[in-house]
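Chain by chain, the residues:
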Amino acid sequence: MRILVIDVGNTNIVYGIFEKEKLIYEFRISTSEKKTNDEYGMIFYQTLKAKGIKVDTIEGIIISSVVPNVMHTLETMSIKYFNINPLIVTSDIKTGIKLKYQNPKEIGADRIVNAVAVSKMTEKNAIIIDMGTAITFCYLTDKKEYMGGLIIPGIGISADALTTRTAKLPKIEIIKAEKVICDETVESMQAGLYFGYRKMIEGIIDKIFEEKQLKAENTEIFATGGFAPLLTKNLKYPIKIERELTLKGLMELYKLNTKNK
């Protein structure tokens, strides 16, 4: 059984092929609302072909998207190029967790998918940090209750704002900084972003522990997204980095919603 899982983010579309529940290939392309279903169809066709995967061997597709227009384009692409009606992630499908949100329809599909993945990885309370274009913190109880969380601008957004909203600050690479007090502008910006976000992450985790009266022995912290290794390594909390968290969550949701079909 080969399943195509697609995660549409604001910056990138990450998709992968699961074969017998094992992720065998992963791909990443830029998100674009301007691409047509035919353009996306050819991209998917060519990338899969490059790995020796024929379109007609794909048995199912699931799509998670935080960009509505792209989701509809990919849904059309799935029908046209794969002859498959894809499963679309919303709060209405089976998740195996309780969505304790005032309006579950407002929960981002990516946050649902990540929570489902983590629910299979631990029996403890869990804090889930996703470091994409935006950074999300989510709290999942040991009873598999999704309680919500918070959303802040990602480090890339902040870096871009420094460049676009100031007259003289240059565009920079986001890297690990070695010191806080710097005597050069680029290093000063890099240090501000690096140490600022790391301390913010620690501070938010502190607040979640305090607010929910959590204890270290019954709580696990998971992080995913491109900047997770840079920003969470060697913090005062042990944090499990799960690079493929969202894709794994998509596969879990696919199984959950098709097991009786």
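For the structure, check the block above.
Residues numbered from 1 in each chain as written. Predicted model: local features only at pLDDT ≥ 70, side-chain atom pairs only at ≥ 80, totals over all residues. Heavy atoms only, no water.

Caption draft 1: Fine view of helix H3 (residues 109-119). The element H3 is extensively covered by neighbouring structure, given that 11 of its 11 residues are classed as buried. Three or more residues of H3 are buried, namely Ala109, Asp110, Arg111, Ile112, Val113, Asn114, Ala115, Val116, Ala117, Val118 and Ser119. (Buried < 20%, exposed > 50% of the residue type's maximum accessible area, 1.4 Å probe, protein only. Helix = DSSP H or I, 4+ residues; strand = E, 2+ residues; numbered from the N terminus.)

Caption draft 2: Structural view of the sheet that holds strand S6 (residues 98-99). Spatially, S6-S9-S8-S7-S10-S11 is the arrangement adopted by the six strands of the open sheet, whose pairing is mixed. Taken across any chain shown, the strands that pair with only one partner, and hence form the sheet edges, are S6 and strand S11 (239-241). Bridging between strand S7 (residues 125-131) and strand S8 (residues 134-140) involves six bridges; their strand directions are antiparallel. Of the residues in S8, the one forming a bridge with Met131 is Ile135. (Pairing = 2+ DSSP bridges.)

Caption draft 3: A look at the packing of aromatic side chains. Applying the stated criterion to the full structure yields six aromatic pairs. When the ring of Tyr15 is compared with that of Phe27, the centres are 5.0 Å apart and the planes differ by 25°; the resulting orientation is stacked. With a gap of 12 residues between them, Tyr15 in strand S2 (residues 12-19) and Phe27 in strand S3 (residues 22-30) connect regions that are remote in the sequence. Classification of Tyr15 by relative accessible area gives buried; the value is 0%. Taken together, Tyr15, Tyr25, Phe27 and Phe44 form an aromatic cluster joined through their ring pairs. (Phe/Tyr/Trp six-rings, centres within 6.5 Å; stacked < 30°, edge-to-face > 60°.)

Caption draft 4: Summary view of the layout of surface pockets. Taken as a whole, the largest pocket spans an internal volume of roughly 930 Å³. The wall of the largest pocket is formed by 41 residues, among which Asp130, Met131, Gly132, Thr133 and Gly226 lie closest to the centre. Of the residues belonging to the lining of the largest pocket, the class tally is 16 nonpolar, 14 polar and 11 charged. (1 Å grid on protein atoms, 1.4 Å probe; cavity = no way out; pocket = protein on both sides within 12 Å on 5 of 7 lines; lining within 4 Å. Points joined across faces, edges and corners; volume = space filled by probe spheres on them. Nonpolar A, V, L, I, M, F, W, Y, C, P; charged D, E, K, R; others polar.)

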